[in-house]
Amino acid sequence: MKITIENLQLRYGNFTAIENLNLEIDEGESVVLLGKSGCGKTSTMRCIAGLEEPTAGRITIGDTVVFDAAKGINLPPNKRNVGMVFQSYAVWPHMTVFQNVAYSLKLQKLPAAEVKSRVAEVLELVGLSDFAQRGASLLSGGQMQRVALARSLVMRPSVLMLDEPLSNLDARLRDRLRVELREIQLSLGLTTVYVTHDQQEAFALADRIALMQGGRIVQIGGPTAIYNEPASASIAHFLGVSNIFDCTATVGADGYVTAVRTGGEVIRTEQRGLATADDFKACIRSEDLVLSNVSGGGTNEFSGRVAVTSFQGSSIRYAVTLDNGGELDVFAPTKGAERFAIGDRVFASVAPENVQVLPADVVRQARLQEVAA
Ligand SMILES: Nc1ncnc2c1ncn2[C@@H]1O[C@H](COP(=O)(O)OP(=O)(O)OP(=O)(O)O)[C@@H](O)[C@H]1O
Ligand SMILES: [Mg+2]
């Protein structure tokens, strides 16, 4: 079912956890709320589920307005047909897997035969058919997580919401369950809201990612667009871009953006056009910098010395201290690239198409309105 969130605001006392949040989630779509700790992801999800009462706004699920502050509408969670899976999966340890999953159906007083077939169906879906009679306390973390998921799915929710459901698992299991979750979501065509602060997880699970900062959605788009075209330097930073320089930026006569780093270097780009901002940053991914022990003499070359090297398997990470101050973070492939040692003199270069000049932050809605007024 489609979900529409309009002008949502949530305050805890004087503190605003969600500010003017607008989001439309299509039927069958998987939207991931991504952002760092405290940005308001769980709060947003709890508002949709009816576990939190927003201070303003409207939420519609399918054709039903489940919350409208102005009209005083606030449906309780059990009237919203929303399934939730939390980070801390509360699986009942004294029950078997079957009993855990069947519990809510029994509360609804469904006939035993129907309970049995519906539980069997979802256990099959999450790959736990062979564990139906196992005591829930005798399961691994990943299996418990699947029980929690099965328990939500068995209620046939029209919307499934998952709040960091994989964060208690080890990396390998997380990778696997992530793929399985995506398969289940796609095969059931479930409208899904997924919360995480892990970008890999977001990229793997999302049709669209809603990036949150400070209680607002600052960018929304497909995983590729978010990765390749972050709307601000602070979003780029959150997504793992580690070389971010203060600069002044200008569009030259040729239409291309040139940035002048504080300190003097000129950085050329292949970017055309600049967003409106007071404050710009030049952003370069570590893997887009190439190290050499000789100067190529070309543009976008930084000279310095290797300060730290660390082997990371498929790549080697270098911290380079630049001659004019500052640091560069460089990833070089382990295979085929020249190796450097601490103290080596190096020249780091970047192709103009790999430099992005971005506003430091997304201009806030309030400010935009201020400017327009
Ligand atoms: N009951 C509450 N009373 C006061 N402040 C709260 C309450 N619940 C959450 N907050 C605050 O609201 C903000 C958003 O919290 P929320 O739980 O939505 O963050 P989150 O994005 O889910 O973070 P995390 O990734 O750490 O789970 C935080 O600053 C938090 O401290
Ligand atoms: Mg949270």
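Per an unreviewed UniProt entry, the protein goes by the name Iron(III) transport system ATP-binding protein and belongs to Rhodococcus rhodochrous J3.

1. Quick look at the nonpolar core
One finds Val101, Val119, Leu123, Leu149 and Leu153 to be the most contacted residues of the largest nonpolar core, which totals 46 residues. At six residues, helix H4 (residues 141–153) tops the list of elements feeding residues into this core. Setting aside anything within four residues of it in sequence, one finds valine 119 in contact with Phe98, Val101, Ala102, Leu105 and Val154. Leu10, Val66, Phe67 and Val193 belong to the second largest nonpolar core, which has 28 residues in total.

2. Description of the domain arrangement of the protein
How big an interface is tends to be stated in terms of the accessible area lost upon association of its parts. The domains assigned to the protein are domain 1 (3–228), domain 2 (234–288 + 350–373) and domain 3 (301–349). For domain 2 and domain 3, the distance between their C-alpha centroids amounts to 23 Å. Opposite the twelve residues of domain 2 that make contact, domain 3 presents twelve residues. Across the domain 2/domain 3 interface, buried area totals approximately 850 Å², and carbon plus sulfur atoms make up 48% of it. Between domain 2 and domain 3 we count zero salt bridges in total. At the boundary of domain 2 with domain 3, the tally comes to five residue pairs in polar contact (both at pLDDT 80 or more). Here the side of domain 2 that touches domain 3 is built from residues that sort into five nonpolar, three polar and four charged.

What counts and what doesn't
- Residues numbered from 1 in each chain as written.
- Chains lettered and ligands numbered in written order.
- Predicted model: local features only at pLDDT ≥ 70, side-chain atom pairs only at ≥ 80, totals over all residues.
- Heavy atoms only, no water.
- Core = buried A, V, L, I, M, F, W, Y, C linked by side-chain atoms within 4.5 Å.
- Buried < 20%, exposed > 50% of the residue type's maximum accessible area, 1.4 Å probe, protein only.
- Helix = DSSP H or I, 4+ residues; strand = E, 2+ residues; numbered from the N terminus.
- Contact = heavy atoms within 4.5 Å.
- Domains from an automatic or database assignment.
- Buried area = accessible area lost by both parts, 1.4 Å probe.
- Salt bridge = Lys/Arg side-chain N within 4 Å of Asp/Glu carboxyl O.
- Polar contact = N/O pair within 3.5 Å; in protein donor to acceptor, adjacent residues only side chain to side chain.
- Nonpolar A, V, L, I, M, F, W, Y, C, P; charged D, E, K, R; others polar.

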